Each structure stands twice: as structure tokens, then as C-alpha cells.
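# Secondary and tertiary structure notes
Residue strings, one per chain:
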Amino acid sequence: MSQPRKVGSIFVTTDNPAFLEKQVDAVAEVFDFATANARSLLDEHRRKQLNYNTAPFDPEGNALRFFPGGFTIWSGFPGAGKTTLLRQLACHLMRAPSEENPLGGAGVFVCSMEEYPQDVLIRHAQVACATENLSENMLQWCVDLWADKLKLWNYRPIESDCQYRKILAAIRLLAREQGVKHAFIDSLMCLDVASNDYEAQRQFAGDLARTCQAAGVHIHLVAHPRKPAKADQEPDTSDVAGSSDLGRKADNVLFVKRSAQEMSATQGHCTPMSISVKKQRYGTGFIGDIHGWFHRGLRQFVPNQFHDEPMRYLTREAHRDIEREFGGNRA
Amino acid sequence: MSSWADLAELRRNGLRPGFPVVITTNPDRATYTLSDIGAMVIRHNPGDVFPVELLAGLRAWLFLGSCDRAQAVIRAARVKGVEFVVEAWCECAKRLDSQPVPCATAAEWEAA
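Residues numbered from 1 in each chain as written. Chains lettered and ligands numbered in written order. Predicted model: local features only at pLDDT ≥ 70, side-chain atom pairs only at ≥ 80, totals over all residues. Heavy atoms only, no water.

### Digging into the overall build of chain A
To keep it simple, the criterion reads: Helix numbering and strand numbering both begin at the N terminus, where a helix is a DSSP run of H or I of at least 4 residues and a strand a DSSP run of E of at least 2. Relative accessibility thresholds used throughout: buried, under 20% of the residue-type maximum; exposed, over 50%; partly exposed, between the two (1.4 Å probe, protein chains only). Residues are treated as being in contact if the distance between any of their heavy atoms lies within 4.5 Å. For accessible areas, the Shrake-Rupley method is used with a probe of radius 1.4 Å. Any residue's cover is judged against the shown protein chains and nothing else.
From N to C terminus, chain A includes 11 helices and 11 strands. Taken over 331 residues, chain A has a buried fraction of 47%. Of the contacts formed within chain A by residues at least 6 apart in sequence, a portion of 64% connects residues at least 24 apart. A total accessible area of about 17,200 Å² is found for chain A, and carbon and sulfur atoms account for 51% of it.

Below, the structure is given as C-alpha cells:
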């Protein structure tokens, strides 16, 4: 017999398993594969395996893949560049479908609980246009191209805006009615889930996983590391803040890291950066570090320190028009 | 105040009330007090189906207004093979009775 605990106002204990055994029809609960067709099973499996999105630091998906119905935890010490990288990921996901990117053009919902939606839009536009000095023309391109793809949480700094159930309900609705495929929640510490209430966090992890599965979306959750430590400390999945259920239920657990000796490691406009994949349930199963550079001028993660060309996330016409403003003198 | 659906939901999740389940047709101060201390108090509307299966393996206190009704519940449980520990409030004797027999008079509020 377990210790009594409260559900709502009622004291409860663990039930006798015999009660549920009487209620359950075991035959109905078991998947009967004897009658399944091998070809259709395999086709369905292959279809699911091909239905993934990638990240800007691994655009081919050779190492990391995001599948619908799961969630990814993005962790990293303050200043590591999580939020900036996630903005680039959102731009990467929304870019128009092409031959190289047949699954592009995904609807994205960004729920920032620290910034107003106007600011969030501008920061995403800065990443997409690869400049901090955004012009009216550049922003207009983003507004036009993202109008039906980018949904921003209308953050108002009042308590009820951080109710996670309300946010998850919005994600389910947006997925169902407006084709949102990826949702970003920045961050766990801003939600109404107390950091010392492990039962509430366990409940949150379950609700998050159920929302992903029910809506077929992939949720990207920013969660800070548990221990305040140096930026070069090697973290693992248990270092994500909150209940360990979060790490256990997540499809992917990623740590964003920037060099501890940022200044000495800086090469021109670039700072070395890595994305440490600590867990990957599906796809390639890759575990390890993906290295790259953060280009401060372009506001983008780039594959190498000599990369001065921005990654392009808008249409060809938009970039042609935008580059005209720079007059061939971007950096 | 809870409902039968709440009890069903709880048990579907592998949980059971820690205190005896109180089933009442007439929520009064006593049942609200029990509710306040963490007991599950279910309001049963006379005439509705009494899902006695949900009480399997539990302890239940019945406040159904008359021992006739309590007796009917116990009979139904026996017929369906539901085993539970039950005590019914006898308004005449003012006590919880594990083997209620029909009373000479029903509760005053029941007669009203």
C-alpha cells in the first residue's frame, strides 16, 4: 500500500490491481499483427521515417532529426545562444519547400514568455535577413512570407499568460486548425510549474508528451540546466532543470554550448559553438557534438569560421531585394 | 462534492480513495465536513443507476436516507459479485450499520 497523497482535495492511495484487471479486456488491448499486411506495415513505417525536419546546423539530417509527435529539450547555460539558435531553427523550418527541402514550409508557433510578440517577430526577421540593422523593407518581406506560417504567443506580462495548460491547448488548436507543425516554448522556468514541485513537473511532462502525440506537432522546450556551473562543464540529460521525467519522455535532449574562453577563441565575427546531442530516440540515434560557429554579424549559426555568406531562409526574390540594400557590402 | 464519474476516473488511473467513500443522497454539513478532511463524497441522485461495480474492493459509507435503499445496494452488489466493505447510516438508530435492515420510519427529510 502506497503512502496516501492528495488528488485535488481527496486523499488517495494506490488501488488494488485486481480492480483494473477485471475492467480490462486484454484481447482488445493487444495489437493483433497476425492479420496485418507486411507491405503496408513497412510502407507506413518508411513513411514515418521520412517525415522529419532538420536543424540549421545539420540541414541534411545526417545527425539530428525532429519527428512529429515528440518533443526536444534545449538546454544550455545562460548566454550559450539557445534562443538565437531556436530563432534560426524556426526560420529554417518555415523556409519554402524546394527540391532539397521537400518538407519545408512548416507552420511554427513561438511562445516566448519573456518578450512581446512584436519583438519576437523582429528578432526572427533579424536572423532570417542575417542582420541586426533591419530595414522596413526587410521586415515587410518577413511579414509577407510568414503571415500564414508564423504564429506568435500574444505575451502579456500577467500571471495567467504562463499557464502551461492554456499554452498546450493553444498548440493543439493551432496544429488542428492552422497547420502548425513545430512549437517553441521559451522557457520551462517561466511556466506555472514550480521548480520544487516534482509531481507538478511529472504531470507537465506527461501533458507535454500527450499534446505532441495528439496534435502531431514537435515541441521544442527551453529548459535551463539544473546546476549553475561553468559554461565548459560537460552536462548530461540529468542536468536539465526539473523532474527527470522531462528528460525521460523527450525524444531529443540537446545542450547548446559556447566556448568558455569566448574572446580568445573568437575568430573575427565568429565564436565557436557546439550542439551536444545527449539523447535521440528516433532517426539516426546520433549522440555526440555538432560543431559550428556563431556569426555575430549575421546573427546566425554557420558551419565554419570563414563563412561570411548568410544562410538564406526567405525566398530568392526576397534575398535578391535584401542584398540590394547591402550593395554587396554585407559584413 | 464528487460524482461517480470522478470515482471511475480515479480508479482508471490505478488509484483509490484513502478514506471510505461516502455516498449520499442528501449532502449535509456532516458530509461536507468529511469532504473537507479529504474523503471522497459522491452525491447520488435517487432513481439514477447505482454503479456498485465501482465500489469493488473499497470501503463505503452509504447515506441514502433509508435502510431499504442501502439494503437494495447490498443486494445488487451480491448479485453482481462485487465485494466491498459497506456501512449504511441508519437514521432511526443514528449509527452506521454494516447489515442494514428496513427501518420502521424513514428519515424525516426523506418523508418530507
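### Considering the interface of chain A and chain B
Just so we agree on the cut-off: Two parts placed together each lose some accessible area; with a 1.4 Å probe, that loss summed over both constitutes the buried area. Residues adjacent in sequence count toward polar contacts only when both atoms are side-chain atoms; beyond that, a polar contact is any pair of N or O atoms within 3.5 Å, and within protein one must be able to donate a hydrogen and the other to accept it. Residues are sorted three ways: Asp, Glu, Lys and Arg are charged, Ala, Val, Leu, Ile, Met, Phe, Trp, Tyr, Cys and Pro are nonpolar, and all the rest, Gly among them, are polar. Paired strands, in this sense, are two strands between which DSSP finds at least two bridges.
In this complex, chain A contributes 12 residues to the contact, which on the side of chain B involves 18 residues. Counting the surface lost from both chain A and chain B, the interface buries some 1,300 Å², and carbon and sulfur atoms represent 60% of this. For the chain A face of the interface with chain B, the top three residues by lost area are A:Ile10, A:Asp15 and A:Phe19, together amounting to 40%. For the pair chain A and chain B, the number of links is five residue pairs in polar contact (both at pLDDT 80 or more). Every element with two or more residues in the side of chain A that touches chain B is listed here: strand E1 (5-7), strand E2 (10-14) and helix H1 (17-23) of chain A. The element that contributes the greatest number of residues to the side of chain A that touches chain B is E2(A), accounting for five residues. Broken down by class, the residue content of the side of chain A that touches chain B amounts to six nonpolar, four polar and two charged. Pairing of E2(A) with strand E1 (residues 15-17) of chain B, which is carried by three bridges, proceeds in the antiparallel orientation. Note that in E1(B) the partner of A:Val12 across the bridge is B:Pro17.

### Side note on the sheet that holds strand E4 (residues 59-63) of chain B
Residues and elements named next belong to chain B. Quick note on the threshold: Throughout, an axis means a line fitted to C-alpha atoms (over the contacting stretch in the case of helices), and angles, computed between N-to-C directions, take values from 0 to 180 degrees.
In spatial order, the strands read E3-E2-E4-E5-E6; together these five strands make up an open sheet with mixed pairing. Two strands lie at the open edges of the sheet, namely strand E3 (41-43) and strand E6 (95-97), each paired on one side alone. This sheet shows a mean twist of 25 degrees between the axes of neighbouring strands, independent of strand direction. When strand E5 (residues 85-90) meets E6, the two strands line up antiparallel, connected through three bridges. Considered in E6, the bridge of Trp89 is made with Leu96.

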